[in-house]
Amino acid sequence: MLPFTFQIEDGLPVSDQLEQAVRKAIFTGQLADGDIFPSVRTLSQELRISPTTAHKVVAALRENGYLASRPGIGMVVRTPNLPERSKRIEYLQPLCRELLREAGDLHLEVEDVVEALRRAAKQPDGDRAAMKKSKP
Amino acid sequence: MKPIIEIRNLRKRFGRTVAVDDLTMDVPEGQVTAFLGPNGAGKTSTIKCLLNLLAPDAGEIRVLGADSSRLDSAAFRQIGYVSENQEMPLWMTVRQFLDYCRPMYPAWDQAFADLLLKQFDLPPGTKLKALSRGMRIKAALLSSLAYRPKLVVLDEPFSGLDPLVRDEFIRGMLEMTEQEGWSVFVSSHDIAEVERLADRVAIIHRGRLQLDEAAESLVARFRGIEVLLESEAATPGNPPANWLNLEISGRVARFTDSRYDERELDGAVKKNLPQARQWRALPMTLRDIFVALARTYRLNGSNQAAEGN
């Protein structure tokens, strides 16, 4: 079993999805600083993905400071400073495009979508989405 | 990096049937290459030629740097091969079978064999002929991985396996992951079986290579396009060559773009479908791409449309 949530979706490169899932797990606290990160072999076996893909993802995460190698242990999780705001907003872009497409189908404008988001944030479980996440 | 398999102008015929027709391709080292095509496309003939189990009528093949027609036992010790119709000594028990294989391979790793035996849940004392098909193919895989080959060649390994066994098979195979330069060449008629595993996809149809490309670049250049039209329209007579399987139903036009570029497509849509109101591009899975290409091959029998450039 992998120590973070990951569900593969059709149509997007697995490597991008996996990288994003790990980043998300770090931000939500599923993975904490110093946790041992699964090896390339474990990732590849658990997800039935090519070792090359698994390797690529680990290398990218390491490059961006989310993983560090610790001799004798392997990779451990690092919680880097939150990326700058514009970068975090960038992560939301695919979801936003999806949302705007739905809105377009319903003949709604961007302002309507903003209102929809405000309404959603007022829902009982909406505060989770709008909750301020301090750095773990 | 040097390819682990190099195939040049391979031809193989059986009587009047041409099984492999001028096939040229490279299988890179350190990757999983999926060799796809419908049944009878020439996959097994190609694999048998490259393992020197069949003599080609023309062409050259190099495997691990050596001429495939002169593969010796030293080369075979670096190759693991599992095929759909593997011949196995059915009268032996699993344990006897492994004991029988071991002396042929100086690099046999008994600890690794034991690990796989456990992972595959194989009963050591049961005769091969009493095993299910899935169990038997797992035993075959075990005997081909235990000497840690550099190249693993799998010919339709998953056909007829239930999902659980297939899963175990792939998991077991991936135990080899950390081996330097480890390469896999796996044939299948069903891309779904290898979709997530493949770094590279080669498609063969009627003995000819139709496509050979990194999975990532395929996924990047293919999109399913849906166009909403102002009014019903006739299918344009001469759509761009990269628009595959164009169909119009009511006010919706649909096609597969094999060379997706947002700006270029916008111009092409306006030009070819003047009634277009808006369009959207949806990412495709390897399976969607495979199906779209298979339909194209069947329709025009050529590989022109599938070319990237």
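Conventions we followed
- Residues numbered from 1 in each chain as written.
- Chains lettered and ligands numbered in written order.
- Predicted model: local features only at pLDDT ≥ 70, side-chain atom pairs only at ≥ 80, totals over all residues.
- Heavy atoms only, no water.
- Helix = DSSP H or I, 4+ residues; strand = E, 2+ residues; numbered from the N terminus.
- Buried < 20%, exposed > 50% of the residue type's maximum accessible area, 1.4 Å probe, protein only.
- Contact = heavy atoms within 4.5 Å.
- Areas by Shrake-Rupley, 256 points an atom, 1.4 Å probe, with all protein chains shown as cover.
- Lys, Arg positive; Asp, Glu negative; His and termini not counted.
- Charge placed at Lys NZ, Arg CZ, Asp CG, Glu CD.
- Pairing = 2+ DSSP bridges.
- pLDDT = per-residue confidence, 0-100.
- Phe/Tyr/Trp six-rings, centres within 6.5 Å; stacked < 30°, edge-to-face > 60°.
- Axes fitted to C-alpha atoms, helices over the stretch in contact; angles between N-to-C directions.
- Buried area = accessible area lost by both parts, 1.4 Å probe.
- Salt bridge = Lys/Arg side-chain N within 4 Å of Asp/Glu carboxyl O.
- Polar contact = N/O pair within 3.5 Å; in protein donor to acceptor, adjacent residues only side chain to side chain.
- Nonpolar A, V, L, I, M, F, W, Y, C, P; charged D, E, K, R; others polar.
- Parallel < 35°, antiparallel > 145°, perpendicular 65-115°, else oblique.
- Left-handed = near helix turned anticlockwise from the far one by under 90°.

Visitor: What exactly am I supposed to notice about the overall build of chain B here?
Guide: Looking only at helices and strands, chain B features nine helices and 14 strands. Judged by the C-alpha coordinates and their principal axes, chain B covers about 70 × 40 × 35 Å. The 309 residues of chain B split such that 50% are buried. Sequence-distant contacts, at least 24 apart, represent 70% of the contacts inside chain B between residues at least 6 apart. Total accessible area computed for chain B in this model is approximately 14600 Å², and 47% of it derives from carbon and sulfur atoms. Averaging the coordinates of the 40 positive side-chain charges in chain B and doing the same for the 41 negative ones gives two points 4 Å apart.

Visitor: Please explain the pairing of strand β13 (residues 252–257) of chain B as it appears in this structure.
Guide: Consecutive residues of a regular strand have side chains that alternate between opposite faces of the sheet. Residues and elements named next belong to chain B. In the sheet, strand β11 (residues 223–229) pairs with β13 via six bridges, with the strands oriented antiparallel. Across the sheet, residue Ile225 finds its bridge partner in β13, namely Phe255. Strand direction decides the pairing type here: strand β12 (residues 243–249) and β13, joined by five bridges, are antiparallel. Within β13, the residue paired with Glu247 across the bridge is Arg254. In this antiparallel pair of consecutive strands, β12 and β13, the connection spans two residues, and Gly250 shows a positive phi of 60 degrees.

Visitor: Please explain the confidence of the model for chain B as it appears in this structure.
Guide: Residues shown with low pLDDT carry predicted positions that ought not to be read at fine detail. Residues and elements named next belong to chain B. Per-residue pLDDT for chain B averages 91, and the proportion of residues at 70 or more is 96%. In this model, residues 302–309 is a region of pLDDT below 50 whose contacts with residues beyond four sequence positions or in other chains number 18 contacts. ipTM for the predicted complex: 0.77, alongside a pTM of 0.84.

Visitor: I'm lost on the packing of aromatic side chains in this one. Help?
Guide: Residue and element names in this part refer to chain A. The full count for this structure, using the stated rule, is seven aromatic pairs over all chains. Measuring from ring centre to ring centre gives 5.9 Å for Phe4 and Phe37, while their planes differ by 5 degrees; the resulting arrangement is stacked. Residue Phe4 is found in the segment before α1 (14–28), and its partner Phe37 is found in strand β1 (residues 36–37); the two are separated by 33 residues along the sequence. On the basis of relative accessibility, which here comes to 4%, the residue Phe37 falls in the buried class. Taking 6.3 Å as the distance between ring centres and 80 degrees as the angle between the ring planes, the aromatic pair formed by Phe27 and Tyr66 counts as edge-to-face. Remark: Tyr66 occurs in the loop between α3 (51–63) and β2 (67–70) and Phe27 occurs in helix α1; sequence separation between them is 39 residues.

Visitor: What exactly am I supposed to notice about the sheet that holds β2(A) here?
Guide: Within a beta sheet, neighbouring strands are joined by backbone hydrogen bonds and run either parallel or antiparallel to one another. All names here are of chain A. Across the sheet, which stays open at both edges, the three strands sit in the order β1-β3-β2 with antiparallel pairing between neighbours. Only two strands of the sheet have a single partner each, and these edge strands are β1 and β2. For β2 and strand β3 (residues 74–77), the ladder comprises four bridges, and the chain directions are antiparallel. Across the sheet, residue Arg70 finds its bridge partner in β3, namely Gly74. α3 rests against β1, β2 and β3 of the sheet, and its axis sits at about 100 degrees to β2.

Visitor: Even after reading the chapter, I still don't get the interface of chain B and chain A, so can you show me in this structure?
Guide: Size of an interface, as often reported, equals the accessible area lost when the parts are brought together. Each partner contributes residues to the interface: chain B has 22 residues there, and chain A has 21 residues. When the two sides are added together, the surface that chain B and chain A hide from each other amounts to roughly 1900 Å², 48% of it contributed by carbon and sulfur. Its largest share of buried area at the contact with chain A, chain B owes to Arg171(B), Leu174(B) and Arg196(B), together 31% of the area lost on that side. Between the two partners, chain B and chain A, sit four salt bridges. When the shortest N-O distance is used, the salt bridge between Glu46(A) and Arg171(B) registers 3.2 Å. Viewed at the interface, chain A and chain B are joined by ten residue pairs in polar contact (both at pLDDT 80 or more). Going through the elements one at a time, α6 (163–173), α7 (215–221) and β14 (276–283) of chain B are the ones with two or more residues in the side of chain B that touches chain A. Examining the composition of the side of chain B that touches chain A, we find that three residues originate from one element, α6(B), more than from any other. For the side of chain B that touches chain A, the per-class residue count stands at eight nonpolar, five polar and nine charged.

Visitor: What's the story with the packing of α1(A) against α3(A) in this structure? I'm lost.
Guide: Axes are the key here: two packed helices are described by the angle between their axes and the distance separating the axes. All names here are of chain A. At their nearest, the axes of α1 and α3 sit 9 Å apart, and the two run at 45 degrees to each other. The angle between α1 and α3 places the two elements in the oblique class. Note on packing geometry: the crossing formed by α1 with α3 is right-handed. Along its contact with α1, which presents Ser15, Leu18, Glu19, Val22 and Arg23, the element α3 presents Thr53, Lys56, Val57, Ala60 and Leu61. Considering only residue class, the contact of α1 with α3 consists of five nonpolar, two polar and three charged.

Visitor: Help me out: how do you make sense of the environment of Asn52(B) in this one?
Guide: Residue and element names in this part refer to chain B. Within the secondary structure, Asn52 is located in the loop between α1 (43–50) and β4 (58–63). Here Asn52 falls in the partly exposed class, since its relative accessible area comes to 31%. Sequence-wise, Asn52 and Ser68 are 16 residues apart; in three dimensions their C-alpha atoms are separated by 5.8 Å. Residues within four places of Asn52 in sequence aside, it is in contact with Ser68, Ser69, Arg70 and Leu71. Engagement of the side chain of Asn52 in a polar contact is seen with the backbone oxygen of Ser68, the distance being 3.5 Å.

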